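Breakdown of the fold
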Amino acid sequence: MAFQDQVHEECGVFGVYSPETCDVASTTYYGLFSLQHRGQESCGIVVNDDGVFSAYKDLGLVNDVFTPQILKGLGTGNIAVGHVRYSTTGESDRANAQPIVVNHIKGRMALAHNGNLINTHELREELELNGAIFHMTSDTEVISYVIIRERLHAPSIEEAVNRAIGRLKGAYSLVLMSPAKLIAARDPHGFRPLCYGKTADGRYVVASETCALHAVSAEPIRDLEPGEILVIDKNGVRSIRDHCGKVPTTRCVFEYIYFARPDSVIDGRSVHAARLKAGEFLALRHPADADLVVGVPDSGLDAALGFSRASGIPYEIGMIKNKYIGRTFIAPGQAAREDKVKIKLNPVAEVVAGKRIVLIDDSIVRGTTCRRIVELLREAGAKEIHMRVSAPPFIRPCYYGTDIDSCENLIACQYSVEEICRQIGADSLGYLSLEDVVRLSGDDRAGEYCTACFSGNYPTELPTAGRKNYYDQKISERKKGSVFI
């Protein structure tokens, strides 16, 4: 990663449509709470009560931002959208928190976005030259402008979204609402997950993952197809598939390895089962003579269990995670991140002392966190540590919503596997192969995943070099008094 040794989160989106006025704010709150793993920088909720929008968003976790008083203040309504954010484009700032609300000549719109456009700069430059004024630095505002520009000439908001998809390039799962409709859209490649379901009392729910549907007692119906637009209003549910099947499906395989919650099902495949399969593949390709298999909490646990089952080596809880500490990359500033690493994980000495351990983690980015974990286990008395990673080595940047943006900061770009093993202090090191990673959710899906960060084979054209966080850099320089030419 650019600044730390963990893969950055993406974002989580949520929407609810109720046939009757009710407490949709609380429904959205619980949905966002279950998606907290996807973004811990900021969150927001917008409630629609017969065309009147009430919004609140701020930096922080869902439980901290939305106090009972704040939720009560949002009132009741029949539509709501929500968002949890980790910034991949646009700095961590309250102004960039989502959902964003736009007032335009044909009404209002609230938009929540998960993903990353590759043509943000070109679209924003075009919009600014035509008089658009931007208040944010994220690509979500660019998407909103493109949709609204289309809405000026389109007969409906869903047709505006349909036309906008033809101009948006990259990864995006969108949830938006107009005064009368809830709309969800997934990019034609299907990079980011998006699904919907229905509660027993008739509310429709759209979310990034099925775990959010279950959190609000909604029964999952299905995932949106890549390129599909789902429209929910008083007449029920209908879909627009004009963009479906136009380009190859390239789902982000890292959703199964790391991002998604293990109890979620993405595109019909269990995340938990995929991670078990990763552990099985590791055991077959990189066996170890060891006493115990230990997973690094939380995303290494399922793969560790899979390794144990395939190898016959007992699985043990050898590390404890402080559940009151957010994921280490969330903290701003390297010093703060390092302090969190020190208190986040602790080995169980009674389990690991004198043992030869297979240690399973989901990835190695810079190697610093991994090295510290190995050191902690050594200090607790571990005799040998055989590191196994349930993802291939990161060798290329990601432009689709995972904040892997610099080869120079990726340890696998600088060193061989043997050299990395020595650097982290392990006795052996094995990665999941590129061949196996595309088979995690079934051999029939092997050709439907994006593995660009592991292989360098990008499914789209690449963005203009040097454009990432371009507008954040401009603002930062302006604050320092720099002059722009």
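What you see is a predicted model; the values in this text were computed from it and never measured.

To continue, consider the sheet that holds strand β11 (residues 218-223). Spatially, β3-β2-β4-β1-β10-β9-β11 is the arrangement adopted by the 7 strands of the open sheet, whose pairing is antiparallel. What marks the edges here is a single partner per strand, and that holds for β3 (52-59) and β11. Within this sheet the neighbouring strands show an average axis-to-axis angle of 15 degrees, counted without direction. In this structure, strand β1 (residues 11-22) lies alongside strand β4 (residues 77-85), joined through 8 bridges in antiparallel fashion. Pairing of F14 across the sheet is with G82, part of β4. Across the face of the sheet, helix α1 (residues 24-34) comes into contact with β1, β2 (42-49) and β4 while running at roughly 25 degrees to β4.

Attention shifts here to the pairing of strand β21 (residues 384-389). For β21, a buried count of 5 out of 6 residues is recorded, marking the element as mostly surrounded by other parts of the structure. Between strand β20 (residues 356-361) and its parallel partner β21, the chain crosses via helix α13 (residues 368-379), and the hand of that crossover is right-handed. Pairing geometry for β21 and strand β22 (residues 428-431), over 4 bridges, is parallel. Paired with M387 across the strands is L429, a residue of β22.

Bringing the packing of helix α5 (residues 139-151) against helix α6 (residues 157-165) into the picture now. Two elements in contact, α5 and α6, have axes whose closest approach is 8 Å; the angle formed by their N-to-C orientations is 120 degrees. Taken as axis vectors, α5 and α6 run oblique relative to one another. Pair α5 / α6 crosses with right-handed handedness. Taken together, the residues of α6 that come into contact with α5 (itself represented by V146, I147, E150 and R151) are I157, A160, V161, R163 and A164. In terms of residue class, the contact of α5 with α6 is made up of 6 nonpolar, no polar and 3 charged.

Below, the discussion takes up the environment of A95. Mapped onto the fold, A95 is located in the loop between β4 and β5 (100-104). Not counting chain neighbours up to four residues away, the residues in contact with A95 comprise H135 and M136.

Further remarks concern the nonpolar core. The nonpolar side chains of a soluble globular protein tend to be buried, and buried together. Within the largest apolar cluster, 43 residues are counted, with the highest numbers of intra-cluster contacts made by F254, I257 and F454. The leading source of residues in this core is helix α9 (residues 271-285), at 6 residues.

Counting buried residues along β20, 5 of its 6 residues qualify, which places the element largely inside the surrounding structure. Across 6 bridges, the pairing between β20 and β21 is parallel. Residue pairing across strands places R356 opposite E384, the latter belonging to β21.

Next up on the list: the confidence of the model for the protein. A residue-level look at the protein finds 88% of positions with pLDDT of 70 or above and a mean pLDDT of 90. Scored below 50 in pLDDT, residues 327-334 shows 25 contacts in the model against residues more than four places distant or in partner chains. Across residues 471-485 the pLDDT falls below 50, and counting only partners more than four positions away or on other chains, this stretch makes 15 contacts in the model.

Where helix α4 (residues 120-129) contacts α5, the two axes come as close as 10 Å, and the packing angle between them is 55 degrees. Classified by the angle their axes make, α4 and α5 are oblique. In this structure, α4 crosses over α5, and the sense of that crossing is left-handed. Here T120, L123, R124 and L127 of α4 come into contact with α5, specifically with D139, V142, Y145, V146 and R149.

This next bit is on the pattern of salt bridges. Using the criterion set out here, one finds 32 salt bridges in the structure. Of the charged contacts in the structure, one is a salt bridge between D427 and R378, with a shortest N-O distance of 2.9 Å. Within this pair, whereas D427 is found in the loop between α15 (417-424) and β22, its partner R378 is found in helix α13, the two being separated by 49 residues in sequence. The class for D427 is partly exposed, based on a relative accessible area of 40%. For R378, a relative accessible area of 30% corresponds to the partly exposed category. The salt bridge partner of R445 is E448, with a shortest N-O separation of 3.6 Å. When salt bridges with common partners are traced through the structure, they connect R186, R251, D267, R445 and E448 into a single cluster.

What follows is about the packing of aromatic side chains. Scanning the model with the defined rule gives 13 aromatic pairs in all. Three or more aromatic residues link up through ring pairs in this structure, and these residues are F254, Y258, F259, F394 and F454. The side chain of R124 reaches across the aromatic face of F134, ending 4.3 Å from its centre.

Rules used in this analysis
Residues numbered from 1 in each chain as written. Predicted model: local features only at pLDDT ≥ 70, side-chain atom pairs only at ≥ 80, totals over all residues. Heavy atoms only, no water. Pairing = 2+ DSSP bridges. Helix = DSSP H or I, 4+ residues; strand = E, 2+ residues; numbered from the N terminus. Axes fitted to C-alpha atoms, helices over the stretch in contact; angles between N-to-C directions. Contact = heavy atoms within 4.5 Å. Buried < 20%, exposed > 50% of the residue type's maximum accessible area, 1.4 Å probe, protein only. Right-handed = clockwise from strand over helix to strand, strands pointing away. Parallel < 35°, antiparallel > 145°, perpendicular 65-115°, else oblique. Left-handed = near helix turned anticlockwise from the far one by under 90°. Nonpolar A, V, L, I, M, F, W, Y, C, P; charged D, E, K, R; others polar. Core = buried A, V, L, I, M, F, W, Y, C linked by side-chain atoms within 4.5 Å. pLDDT = per-residue confidence, 0-100. Salt bridge = Lys/Arg side-chain N within 4 Å of Asp/Glu carboxyl O. Phe/Tyr/Trp six-rings, centres within 6.5 Å; stacked < 30°, edge-to-face > 60°. Lys NZ or Arg CZ within 6 Å of the ring centre and 35° of its normal.

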